[in-house]
Amino acid sequence: MTLRVLRPGILMTVQDAGRHGYQHLGLCPGGAMDPVALALANALVGNETDDAALEITVLGPDLEFAQDTLVALCGALAAGPGLLKKGMADLRLAMPVALIASTSSIFGAMMGLALPAKVVQVALGATILGIVAIRRRDFVGHGGWMMRGYAIGLGAGTQVLTLMVGELIAGPPSEFSRALLMGAAWGINLAVAEWIIRKPPARPARPASAVVSPLR
Amino acid sequence: MAAYVEFSRVLDLEVNEFVQRLAAAIHARGEPWIRDVVPALGGLALHFDPDFEGAISDVAAELVERCLKEGLPDAENVGREVEVPVCYDRVFAPDLEEVAAKTGLSPEEVVARHAAGEYRVLMMGFAPGHAYMGGLDAKLAVPRRATPRPVVPAGSVAIASGQTVIYPYAIAGGWNIIGRTPLAVFDARREQPSLFAAGDRVRFRAISGAEFEAFGR
C-alpha cells in the first residue's frame, strides 16, 4: 500500500474526468471540479490526463505515504508551504507546486470568474518573471515574483470582501464602482505581498546552499 | 453546459411521447458536440461538450427544427419492450392493504389492475436506473405516503401520482410499495447497465413467491 488517509479533511473525494453520456439513464457524471488542474497533475506524474486523483477542498487531508511516491499538487491551493512545514515535501516538490498552483489558479479564475484579460496577463507576467529569476539562481527575487503572481491569482477572495464592504457602505455597486472595488482587491493583495517581500526576516536566513541543494 | 427545450410544464402523455421521438431523432444524429440527450416529462435537456463554441440555445433550437423538418421516428420504433416479473406477495407489498383501502378495491383487484397495465417510461431520474412510468390505471391513483421510508428494499415496485416505479437500490422512498421484482434494475457491470431507458414500453408479469426465490439461481 502506498498511501494511507489519516484524516480526509473536508470533502476529499476521488475524481477523474467524469462519466459523460449516461445522464439519460439517471447517472450524475461527476468528475473533477477543475479539469485543467486534473489534467496537469496527471501529466506531471506520467498518468493519462483523465486518470483518477484526489480532489481536496477547503481543508487539506492528512496523508501518510508508506513508500517514496511521486505526487503532483495542482489547482488553486496554497498547500505547498504547509506541506513543507510538516516535512512532507522538499523543495524539489514545492517549487513546481508553487508555480503550478499559481498558474492553475489563474486558469481556474479565468474559467470560473472570467477575469478581465489584462489582469490575467499581468498575473501570468509575474509568474513568468519568477521563472526567469530562478534561472538566474536569484532565489530572493524569485520568491518575490512568485508571491506577486499569487497575490493577483488569488484576488477573488479579497474581492468578496471589498465588494461586500462597498455594498454595505454605498448600496449595490454600479458598473464603474464594481470595477473599482475589484481593482482595489488586487491592490490590497499586492500591497500585502510587497510588505511580506520587503519585511526583514524574523530570524537569520538559512545559508543559501541549504535551500539550493535539492535543486542541483 | 446544457440547453433545456421545453414543450409542456404539465405532464401530458402525448407531449411526452413526442419528446421521446425527438430525443431519439437527435440521438441518432450523433452530433459530436452533444454529450447527452436527456428526455424529461415535458421537454429534453441537451448536454454540450464544454469546449463547444457558440450560442448553445440557438444551436439547440436549430437542431430541434432540423429534426422536425426531416421527420421523427414513429412512436412504435422508439424504445424497447421490457417485461418485468413482479411478485405481489404481502411480504413484498407492505402498502398493498392501504392502497386497497384508499382506492376502494380489494388487494387482489389492485394487483390485477397493476399487472394488466401497459406502461411507458416517461423519464429516468432520482437514481441510476430509476424509471418513472406512465400509464397507471386511473383507479390506482393514490398520493405518495405521508412519511417516506428511510430505506426501501431494492427491486420494490411502487405507485403514486398516477405513475409506477421500481427502486433500483435500497434507497429512501415515499411511494406505496405493492410488490418486488427479482431483476437487477441497474448493474454497472452489464453491457446495458440500466434495465430501462426513457421511451421503453413496460409490462409486468405476476410471479409467485417460489418463482421469485428461484430467480437467478
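The preceding data block contains the structure.
Not measured: the values here are computed from a predicted model.

S.K.: Quick one: what's the story with the interface of chain A and chain B, residue by residue and with numbers?
M.R.: Taken together, the contact between chain A and chain B spans eight residues of the former and 16 residues of the latter. Summed over both partners, the interface of chain A with chain B buries about 900 Å², with 62% contributed by carbon and sulfur atoms. Among the residues chain A hides against chain B, the three largest losses belong to Gln23, His24 and Leu25 of chain A. Together they make up 58% of the total. Scanning the region where chain A abuts chain B turns up zero salt bridges. Linking chain A with chain B are six residue pairs in polar contact (both at pLDDT 80 or more). Across the side of chain A that touches chain B, the residue classes tally to three nonpolar, five polar and no charged.

S.K.: Give a description of helix 1 (residues 35–45) of chain A that names residues and reports values.
M.R.: Residues and elements named next belong to chain A. Along helix 1, the residues that are buried comprise Ala37, Leu38, Ala41 and Asn42. Down the axis of helix 1, the smallest arc covering the buried residues is 130°, so these residues share one side. Positive backbone phi, at 85°, marks Gly46, one or two positions downstream of helix 1.

S.K.: Go over the nonpolar core with me, naming the residues and quoting the values.
M.R.: Counting 28 residues, the largest nonpolar core has Val84, Val121, Met133, Ile166, Phe196, Val202 and Phe204 of chain B as its most contacted members. Not counting residues up to four positions away in its chain, the partners in contact with Phe196 of chain B are Leu25 of chain A together with Arg80, Val82, Val84, Val121, Met124, Gly129, Ala131, Met133, Ile166, Val185 and Val202 of chain B. Core analysis: the next-biggest nonpolar cluster, separate from the first, contains 21 residues, Val5, Leu22, Ile34 and Cys67 of chain B among them.

S.K.: Any details on the sheet that holds strand 3 (residues 43–48) of chain B? Residues and values, ideally.
M.R.: Residue and element names in this part refer to chain B. What the three strands build is an open sheet, ordered 1-3-2; its pairing is antiparallel. The outermost strands of the open sheet, each flanked by one partner alone, are strand 1 (2–6) and strand 2 (34–39). Taking the axes of each pair of neighbouring strands and ignoring which way they run, one obtains an average angle of 15° across the sheet. Where strand 1 lies against strand 3, five bridges are found, and the strand directions are antiparallel. Along strand 3, the bridge assignment pairs Glu6 with Gly43. Across the sheet, helix 1 (residues 13–29) lies against strand 2 and strand 3, angled at about 165° from strand 2, the strand it touches most. In this fold helix 2 (residues 56–70) packs onto strand 1, strand 2 and strand 3, with an angle of close to 125° to the strand it touches most, strand 3.

Procedures and definitions
- Residues numbered from 1 in each chain as written.
- Chains lettered and ligands numbered in written order.
- Predicted model: local features only at pLDDT ≥ 70, side-chain atom pairs only at ≥ 80, totals over all residues.
- Heavy atoms only, no water.
- Contact = heavy atoms within 4.5 Å.
- Buried area = accessible area lost by both parts, 1.4 Å probe.
- Salt bridge = Lys/Arg side-chain N within 4 Å of Asp/Glu carboxyl O.
- Polar contact = N/O pair within 3.5 Å; in protein donor to acceptor, adjacent residues only side chain to side chain.
- Nonpolar A, V, L, I, M, F, W, Y, C, P; charged D, E, K, R; others polar.
- Buried < 20%, exposed > 50% of the residue type's maximum accessible area, 1.4 Å probe, protein only.
- Helix = DSSP H or I, 4+ residues; strand = E, 2+ residues; numbered from the N terminus.
- Arc of directions from axis to C-beta.
- Core = buried A, V, L, I, M, F, W, Y, C linked by side-chain atoms within 4.5 Å.
- Pairing = 2+ DSSP bridges.
- Axes fitted to C-alpha atoms, helices over the stretch in contact; angles between N-to-C directions.

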